[in-house]
Amino acid sequence: MSEPERAAAPFGLAEVVGPSMYPTLRHGDRLLVRYGAAVRPGCVAVLRHPLQQDLLIVKRLVERRDGGWWVLGDNPGAEGDSRVFGTVPPELLLGRVLLRYRPSESGRKSPWATLSWALSAVRTVSSDRSVSRRLRAR
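Residues numbered from 1 in each chain as written. Predicted model: local features only at pLDDT ≥ 70, side-chain atom pairs only at ≥ 80, totals over all residues. Heavy atoms only, no water.

Formally: UniProt positions are given in the numbering used here, feature names are shortened, and annotations may be inferred rather than shown by experiment.
Under an unreviewed UniProt entry, the protein has the name Nickel-type superoxide dismutase maturation protease and belongs to Streptomyces tsukubensis. Within the UniProt record for the protein, the comment given under Subcellular location (unreviewed entry) is "Endomembrane system".

Written out as C-alpha cells, the structure reads:
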C-alpha cells in the first residue's frame, strides 16, 4: 500500500511472515492494522525496518527510549528485533495491530473442526504489558 493510499485509509491489512511473534501471531496470520493509532508499551505494531525501510515488520513495543522505540518479538529464539538493530525511530512506526485473523487450514472436513476454527479464527491482539516486561527483563 502506498503512502497516499494509507493516509486516506486509517485501516489496512498485513500478513505475518516468519516466527518472530509466535505464540501471539503465527506465520500466515492476517492482521487488521490501525495506521496512526496511539500506542504504548506492550502494543503490537507494524513498523518499517530501520535498516531496510522497504521491509515492514511486526513487533511488540517494549519501551520508549532516546531515539525511538525498543521493540522485541514474542518468540525469544527468533532474531530481527531491537537486540539486532537498536531502537526504531518514531517516524518508522506505522500503526497498531488490532485484530488477527487466522485463515482456515486446508483439509478440514468435519463440521466440528470447521466450527472450532470459526470460533478461534478472529482474535484481538492485546497490549500485553506483562509480556513486554518479561521481554525487557531478558
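Further notes follow.
Details of the pairing of strand 6 (residues 93-101)
We count it as follows: Pairing between two strands requires that DSSP report at least two bridges joining them. Think of it this way: any DSSP run of H or I at least four residues long counts as a helix, any run of E at least two long counts as a strand, and we number them from the N terminus.
Here six bridges tie strand 2 (residues 30-35) to strand 6, and the two strands are oriented antiparallel to one another. Bridge pairing in strand 6 links Leu32 to Leu99. Where strand 3 (residues 44-48) and strand 6 come together, three bridges link them in antiparallel fashion. The residue bridging Ala45 from the neighbouring strand is Arg96, located in strand 6. Two strands pair when backbone bridges link them, and strand 6 and strand 7 (residues 122-124) are joined in this way by three bridges, in the antiparallel orientation.

What about the pattern of salt bridges?
Opposite charge on two side chains permits them to pair, given that their charged atoms come into close proximity. We count it as follows: By convention in these notes, a salt bridge is any Lys or Arg side-chain nitrogen within 4 Å of a carboxyl oxygen on Asp or Glu. Per-residue accessibility, obtained with a 1.4 Å probe over protein chains only, is compared with the maximum for each type, and a residue is labelled buried under 20%, exposed over 50%, and partly exposed between these values.
Under the defined criterion, the tally for this structure stands at five salt bridges. When the shortest N-O distance is used, the salt bridge between Asp74 and Arg60 registers 2.7 Å. Of this pair, Asp74 sits in the loop between strand 5 (68-72) and helix 2 (82-85) while Arg60 sits in strand 4 (residues 56-65), and the two are 14 residues apart along the sequence. Summarising the burial analysis for this pair, Asp74 and Arg60 share the class buried. Asp81 is the partner of Arg83 in a salt bridge, and the nearest nitrogen-oxygen pair spans 2.8 Å. On the basis of relative accessibility, which here comes to 1%, the residue Asp81 falls in the buried class.

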